[in-house]
Amino acid sequence: MWSTVLLYIGVILITFRVVKTLRMSLRSKLPPGPTGIPIIGNLFQLPTSRPWLVFDEWMKQYGPIIYLNIAGQNTIVLGTHKAAADLLDRRANIYSDRPDLVVLNLLTGGMHWAWTQADESWKKKRREAHEALNAQAAKEYFPYQETESVIMLDQLLAHPEIFTDHFQRASTSLTLTIVYGWPPLLDSAHPNAVHIDQMDHELLVAAAPGSFWVEFKYFRWMKYLPRWMCAWRRNAEDAFSRNSVMLEGLSADVQKQMDAGDNITCVASKILQNTGNLFEASWNSISIYTAGAETTSGQLAWFMQAMILYPEAQLLAQDELDRVVGSERLPTFDDYEHLPYIRATVKEILRWRGVSPLGIPHRLSEDDYYEGYFLPKDTTCFVNVWSLHHDTQVYGDDAEHFNPKRFLDANGNLQSSIVDTKDEGHYSYGFGKRICVGRYIANNSLFIHIAFLLWAFNIKAKVDADGNPILPDSLQFNEGLIVRPAPFSCNITPRKMDASEIIAQAKADRGL
Ligand code: HEM
């Protein structure tokens, strides 16, 4: 009897030991990556420019999951569709937090919900945003998007050389209309728009990896330094106070209009009704603005570059527009179903050169195991979206080239999308529970702007003194959290004799 009991105890102890040893060996098995040096790990091996290209190279050496120790911060970079979808989509319950960014949280008082943890408060704010921006609700903004396209064409006719300024104005103006119900801004010099753009810029800098030493684990102690000792704290805290006053003013204006019984339907009014707290409502509203304003205009800059480098794609799109829309009128959203090539162009520009080639980082909130590797709690997770978008196994041998036809079937209709891309065909809108909540608005804006641009203009390379085209290098980037092409110029010339009359009429019809 005693020997049986002892045998059972022995088996239990051995099993316990084996499980513990297995867990220990799994825990020590972090994914592979470049060997770092003690304490600071891979900090000084991190590429200072075009990290997505370097990670793409590293993946050939280390495989689809790279582990980096960035001065004590566990970080993984995922480089395949499967790894990204397995973790960020299928295990979204533990992969949806954001890294805790000290300076960004000071700048926003922790109120910018695109950068907060995926807790109950975030869920509520995200639900509110989804109600205002989902596929059906997004249709309410069609008239505003068409109006912005009209103004954009008009300004391009007058000053084609500053085309990116016109894209920026259109993007800022539309987002202000959607969020605060503002009428279209004819130039971006409105003081509040300038102030918001300045704030947006500060946030983008604070969110870009490695902008401040205090963000690295071994330098976290710096966050306890008093105000008088560090400029970054003073600047961020002062900006938060200044910005809060301005943002409360914007939401208070909306509240006044609601109180006066005006029929104002914008995101801020819906948020004010739900939240009932001016300070909170004002930050919830601006979180949507800052996430949406820079991205669309950056994506349009890449579109212009694609048109210069791939003139055959431009001709095919113009051919479709001439057949469906003709030259007597401007395109509208009513043409949407009949313009599959333009819709494929939208998908392709987001695939070929998305403005977020490294995505927006997520944070793992619990220890996890994947493919035999241990992934510790608090790991920062990047997806090298660039690698996913240039995967020849998925997009074919011409993955490096801009080719909207890859999204069309033999009859020229849009094909069903590549699995795990939520029907987009690409990953530029992110993953899991944090997937871009404004993607319907973004797709619609890109569709109508691109249709207008190609209906009205030929977009060509400039030529040098010998008549040779000056082609931009699409591997030169203007880096930051939003990645744009390095500055380039192009020739934008009207395609139709009477384009300016049609545009003038469209302006008049809209009371502009
Ligand atoms: C071409 C345009 C756009 C691109 C490429 C884009 C891309 C992204 C990406 C990559 C994310 C992070 C996803 C993740 O963490 O996995 C994101 C989040 C977000 N986007 Fe967009 N976006 C665009 C336009 C917009 C617009 C127009 C709006 C609003 C009007 C918007 C609102 C948001 C918000 C609020 C979030 C935060 C979601 C969260 O953290 O839960 N975006 N977007």
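Let us look at the structure shown here. All residue numbers here refer to positions counted from 1 along the written sequence of the relevant chain. The model is predicted, so local features are restricted to residues of pLDDT at least 70 and side-chain atom pairs to those at 80 or more, both for listing and for counting; the totals for chains, interfaces and linings are taken over all residues.

Notes on the overall build of the protein
Here is step 1: Helix and strand content of the protein: 18 helices and 11 strands.
Here is step 2: For the protein, the residues scored as buried account for 41% of the 512 residues in total. Numbered from the N terminus, helices here are DSSP runs of H or I no shorter than four residues, and strands are runs of E no shorter than two. In this scheme every C-beta is placed from the backbone, and a residue whose C-beta has 20 or more other C-beta atoms within 10 Å is buried, one with 12 or fewer is exposed, and one in between is partly exposed.

A closer look at the sheet that holds strand S2 (residues 73-78)
Here is step 1: Pairing in this open sheet of four strands is mixed, and the strands run S1-S2-S6-S3 from one edge to the other. The open sheet has two edge strands with one neighbour each: strand S1 (65-70) and strand S3 (362-363).
Here is step 2: Two elements, S2 and strand S6 (residues 380-383), share four bridges in a ladder whose sense is parallel. Within the sheet, the bridge partner assigned to Ile 76 lies in S6 and is Cys 381.
Here is step 3: In this description, a residue-residue contact is defined by the distance between C-beta atoms placed from the backbone, which must lie within 7 Å. To obtain each axis, a line is fitted to C-alpha atoms, and for helices this fit is confined to the stretch in contact; angles are then taken between N-to-C directions over 0 to 180 degrees. Packed on one face of the sheet, helix H3 (residues 81-89) meets S1, S2, S3 and S6 and runs near 140° to S6. A pair of strands is considered paired only if DSSP assigns at least 2 bridges between the two.

Digging into the site of the ligand
Here is step 1: Within the structure, the ligand sits among 29 residues, and Ala 291, Gly 292, Gly 430, Cys 436 and Gly 438 are positioned closest to it.
Here is step 2: Among the secondary structure elements, those contributing two or more residues to the shell around the ligand are helix H5 (120-133), helix H8 (163-180), helix H12 (278-309) and helix H17 (439-456).
Here is step 3: Per-element tally for the shell around the ligand: the top contributor is H12, with seven residues.
Here is step 4: Each residue gets one of three labels, nonpolar for Ala, Val, Leu, Ile, Met, Phe, Trp, Tyr, Cys and Pro, charged for Asp, Glu, Lys and Arg, and polar for the others, Gly among them. Here the shell around the ligand is composed, by residue class, of 15 nonpolar, 12 polar and two charged. All residues are tested the same way: a C-beta atom is placed from the backbone, and lying within 6 Å of a molecule or strand makes the residue near it.

A word on the environment of Leu 408
Here is step 1: As for its placement among the helices and strands, Leu 408 is situated in the loop between helix H16 (392-395) and H17.
Here is step 2: Residue class for Leu 408 comes out partly exposed when judged on the 17 C-beta atoms lying within 10 Å of it.
Here is step 3: Put simply, Leu 408 and Gly 432 are 24 residues apart on the chain and 26 Å apart in space, counted from C-alpha to C-alpha.
Here is step 4: When residues no more than four places from it in sequence are discounted, the contact partners of Leu 408 are Pro 340, Ala 344, Asn 413, Leu 414 and Gln 415.

A closer look at the nonpolar core
Here is step 1: Nonpolar cores are built from buried Ala, Val, Leu, Ile, Met, Phe, Trp, Tyr and Cys residues. These are joined into a set through C-beta atoms within 7 Å. Residues Met 304, Ile 450, Ala 451 and Phe 452 are the most contacted members of the largest nonpolar core, which totals 91 residues.
Here is step 2: The greatest single-element share of this core, amounting to 15 residues, is contributed by H12.
Here is step 3: One finds Val 77, Leu 364, Val 383 and Phe 431 within the second-largest nonpolar core, a separate group that totals 29 residues.

As for the packing of helix H13 (residues 311-324) against helix H14 (residues 340-352)
Here is step 1: For the pair H13 and H14, interaxial distance at closest approach is 8 Å and the crossing angle is 145°. Here Leu 316, Ala 317 and Glu 320 of H13 come into contact with H14, specifically with Tyr 341, Ile 342 and Thr 345.
Here is step 2: Its residues assigned to classes, the contact of H13 with H14 shows four nonpolar, one polar and one charged.

Points about the pairing of strand S7 (residues 457-463)
Here is step 1: By the bridge criterion, five bridges tie S7 to strand S11 (residues 490-494) in an arrangement that is antiparallel. Paired with Ile 459 across the strands is Ile 492, a residue of S11.
Here is step 2: Pairing analysis gives two bridges linking S7 to strand S8 (residues 469-470), with the strands arranged antiparallel. By the bridge assignment for S8, Val 463 is matched with Pro 469.
Here is step 3: Hairpin remark: S7 followed by S8, antiparallel, with five residues in the connecting loop; positive phi at Gly 467, about 85°.

So, H17
Here is step 1: The span you would expect from a helix comes to 1.5 Å times its residue count less one. Taking 1.5 Å per residue as the helical rise, H17 with its 18 residues ought to reach 26 Å, and the 26 Å between its terminal C-alpha atoms agrees with that figure.
Here is step 2: Among the 18 residues of H17, 17 are classified as buried, and the element is accordingly described as predominantly covered.

Description of helix H7 (residues 142-158)
Here is step 1: Here H7 contains 17 residues, and its C-alpha end-to-end distance of 25 Å stays within 8% of the 24 Å for a straight helix at 1.5 Å per residue.
Here is step 2: Those residues of H7 not exposed but buried are Gln 145, Glu 146, Thr 147, Glu 148, Ser 149, Val 150, Ile 151, Met 152, Leu 153 and Leu 156.
Here is step 3: For H7, the secondary structure elements touched by its buried residues are H8, H17, S7, S11 and helix H18 (499-509).

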